[in-house]
Amino acid sequence: LEERLKHASAAVVLGVTKCFVCLTESHPELHYQVLLRLKDPLLTLVSTSCFELSYTVLVHILLLLSKVDSLGVMEHDYKHFFCRYNEPSYIKTVKLDILKTLATPANVGEILTELSEYVSDVDSDIAKKTIQAVGALALKIPEAVDTIVEQLLGFLSLDIDYVSTATVVVMKDLLRKYQQQFSRVVGVMEKCLKVVADPEGLCAVLWMLGEFGESIDDSPYLLEPLVERFGEEESASVKTELLTAAMKLFFKRPPEMQKILGSLLSKAVQETSSPDVHDRALLYYRLVSYNVLEAQRIINCAKQPVEGFQENVDKDVKEKLFGEFNSL
């Protein structure tokens, strides 16, 4: 079978790959040696001029790398997966996923430098996915978090709306794990509110204001304009997040937030057409009216840093996909 790895047909090479992987799966040492032997034929197929064929091989490589015992096989070949300017977006998307998988403390610096070039890509979806990949590297490699936060702050200075939105969403996720990093982010909160208009990005900024508002001198006054324009806001998710942020901040800065919160609850109960926003406002109002201390315990409870995100845990799906290896 090994001779078939030199075959010109990608289907044959992938078929041999599946045979080798399945036959050696219960023998870890042999399995690793086989994967090393498969590496060069697969990388050769990736460099083909046919994008559709390259994509097929790339997704199979990504699937192979999803196995923990396969990660070291291509650890030093990450540069093969750097994106080229003329590649279609579906190729770049898979390469970004592979780069995230191959990143280690030893190579993360070079990968980050390369990813920073893609943020200004003409394709906004690739720019967003690149920023998400940068955030994923911080969650995966704690040693790189300082560098990555600095890089994310640099993305905000580009003043591109979709880049700013994706960046603050990633920052929010990072702060759920690395809460101590907020001291470096606090200086850009006011700017974020001005440049971010997308509902998802605005929700991320409001979450940060509610969660860390005691560390921001002007946090109540950053919320005030949003409360005044509450009736003009079309997104129910933004309104709900604003209610939650205002409630959290009320327990941290009660003298400054009392009037603002009262105005917001009144508008949310009386002037909104969204049942979710209306019910959330009533819930908060009744909680505070019943027992302020109990409301504080429920709404402003201490949160443990997250270790990982559930959407990244899909072992069962990957096992099913392995059963369909080379079945396209």
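The residue numbers shown here count from 1 along each chain, following its written sequence. Residue-level local features of this predicted model are given only where pLDDT is at least 70; pairs of side-chain atoms are given and counted only at 80 or more, and the full residue set underlies all totals for whole chains, interfaces and linings. For side-chain calculations, the full set of non-hydrogen atoms in the structure is used, while hydrogens and water are omitted.

Helix and strand labels come from DSSP, where a helix needs a run of H or I of at least four residues and a strand needs a run of E of at least two; each type is numbered from the N terminus. Scanning the protein for helices and strands turns up 17 helices and zero strands. The principal-axis extent of the C-alpha atoms belonging to the protein is close to 75 × 40 × 35 Å. The buried share of the protein, reckoned over its 328 residues, is 48%. Any two residues whose heavy atoms approach within 4.5 Å at even a single point are treated as in contact. Of the contacts formed within the protein by residues at least 6 apart in sequence, a portion of 67% connects residues at least 24 apart. In this description, accessible areas are obtained by the Shrake-Rupley approach with a 1.4 Å probe, and a residue is regarded as covered only by the protein chains that are shown. Surface exposure of the protein reaches about 17,000 Å², of which carbon and sulfur atoms provide 53%. Side chains of the protein give 34 positive and 47 negative charges; the mean places of these two sets differ by 2 Å. Burial classification: accessible surface area is computed with a 1.4 Å probe over protein chains only, and a residue below 20% of its type maximum counts as buried, one above 50% as exposed, and the rest as partly exposed. For the purpose of counting charges, residues Lys and Arg are taken to be positive, whereas Asp and Glu are taken to be negative. His and the chain ends are not included. Charge positions come from single atoms, namely NZ of Lys, CZ of Arg, CG of Asp or CD of Glu.

Interhelical geometry of helix 4 (residues 89-102) versus helix 6 (residues 124-140) gives an angle of 10° and a closest axis separation of 9 Å. Considered as vectors, helix 4 and helix 6 are oriented roughly parallel to each other. Here Ser-89, Lys-92, Thr-93, Leu-96, Lys-100, Thr-101 and Leu-102 of helix 4 come into contact with helix 6, specifically with Ile-126, Lys-129, Thr-130, Ala-133, Ala-136, Leu-137 and Lys-140. Here the axes come from fitting lines to C-alpha atoms, over the contacting stretch only for helices, and the angles between their N-to-C directions go from 0 to 180 degrees. Oblique is the label for every angle not falling under 35 degrees (roughly parallel), over 145 degrees (roughly antiparallel), or within 65 to 115 degrees (roughly perpendicular).

Along the chain, Lys-95 falls in helix 4. Exposure remark for Lys-95: the relative accessible area of 2% places this residue in the buried category. Beyond its immediate chain neighbours, meaning those up to four positions away, Lys-95 contacts Leu-58, His-80, Phe-81, Phe-82, Cys-83, Arg-84 and Glu-87.

On to the environment of Ala-133. Here Ala-133 shows up in helix 6. By relative accessible area, which is 2% here, Ala-133 ends up buried. For the pair Ala-133 and Thr-101, spaced 32 residues apart in sequence, the C-alpha to C-alpha distance is 9.9 Å. Each residue touching Ala-133, except ones within four places of it in the same chain, is listed here: Lys-100 and Leu-115.

What follows is about the environment of Lys-259. Examined against the element boundaries, Lys-259 turns out to sit in helix 14 (residues 254-270). When the C-alpha positions of Lys-259 and Glu-224 are compared, they lie 9.9 Å apart, and in sequence the two are 35 residues distant.

We now examine the packing of aromatic side chains. By convention, a stacked pair of Phe, Tyr or Trp rings (six-membered ring in the case of Trp) has centres within 6.5 Å and planes under 30 degrees apart, an edge-to-face pair has planes over 60 apart, and any other such pair is tilted. A complete count under the given rule lists five aromatic pairs for this structure. Where Trp-207 meets Phe-212, the ring centres are 6.0 Å apart and the plane angle is 80°; that geometry is what we call edge-to-face. Taken individually, Trp-207 and Phe-212 each receive the classification buried, so the pair is uniform in this respect. A network of ring pairs unites the aromatic residues Phe-182, Trp-207 and Phe-212 as a single cluster.

Moving on, we get to unusual backbone geometry. Positive phi outside glycine occurs at Asp-159, with the angle close to 55°. One can find Asp-159 in the loop between helix 7 (145-156) and helix 8 (161-177). Look at Asp-159 and you get exposed, because its relative accessible area is 54%.

This brings us to the pattern of salt bridges. The term salt bridge refers to a pairing of a side-chain nitrogen on Lys or Arg with a carboxyl oxygen on Asp or Glu at a separation within 4 Å. A full pass over the atoms with the stated rule returns 15 salt bridges. Salt-bridge contacts for Asp-173 lead to Lys-172; the nearest nitrogen and oxygen are separated by 3.9 Å. The exposure class of Asp-173 is partly exposed, given its relative accessible area of 23%. Residues Lys-252 and Glu-214 are paired through a salt bridge, measuring 3.2 Å at the closest nitrogen-oxygen approach. Here Glu-214 lies in the loop between helix 11 (199-212) and helix 12 (219-228) and Lys-252 lies in helix 13 (residues 236-252), a separation of 38 residues in the sequence. The class for Lys-252 is partly exposed, based on a relative accessible area of 24%. Residues participating in the shared-partner salt-bridge network are Arg-84, Glu-87 and Lys-95.

Before going further, it helps to examine the state of the cysteines. Note on disulfides: each one is a pair of cysteine sulfur atoms within 2.5 Å. If you walk through the whole model with that rule in mind, you get zero disulfides. Between Cys-50, a free cysteine, and Cys-83, which holds the nearest cysteine sulfur, the sulfur-to-sulfur gap is 18 Å. With no disulfide of its own, Cys-203 lies closest to Cys-192 among cysteine sulfurs, the gap being 14 Å.

To continue, consider helix 11. Taking 1.5 Å of rise per residue, the 14 residues of helix 11 would be expected to cover 20 Å, and the 20 Å separating its terminal C-alpha atoms lies within 8% of that figure. The buried count for helix 11 comes to twelve of 14 residues, which makes it a mostly enclosed element. Residues of helix 11 that are buried include every one of Gly-201, Leu-202, Cys-203, Ala-204, Val-205, Leu-206, Trp-207, Met-208, Leu-209, Gly-210, Glu-211 and Phe-212, and no others. Looking at the buried positions of helix 11, the neighbouring elements they touch are helix 8, helix 9 (182-185), helix 10 (189-195), helix 12 and helix 13. Here helix 11 starts with a cap whose side-chain oxygen sits 3.0 Å from the backbone nitrogen of Glu-200, and that cap is Asp-198. Residue count minus one, scaled by 1.5 Å, sets the expected span of a helix. Counted as a polar contact is a pair of N or O atoms within 3.5 Å, where, for protein atoms, one must be capable of donating a hydrogen and the other of accepting one, and residues adjacent in sequence contribute only when both atoms are in side chains.

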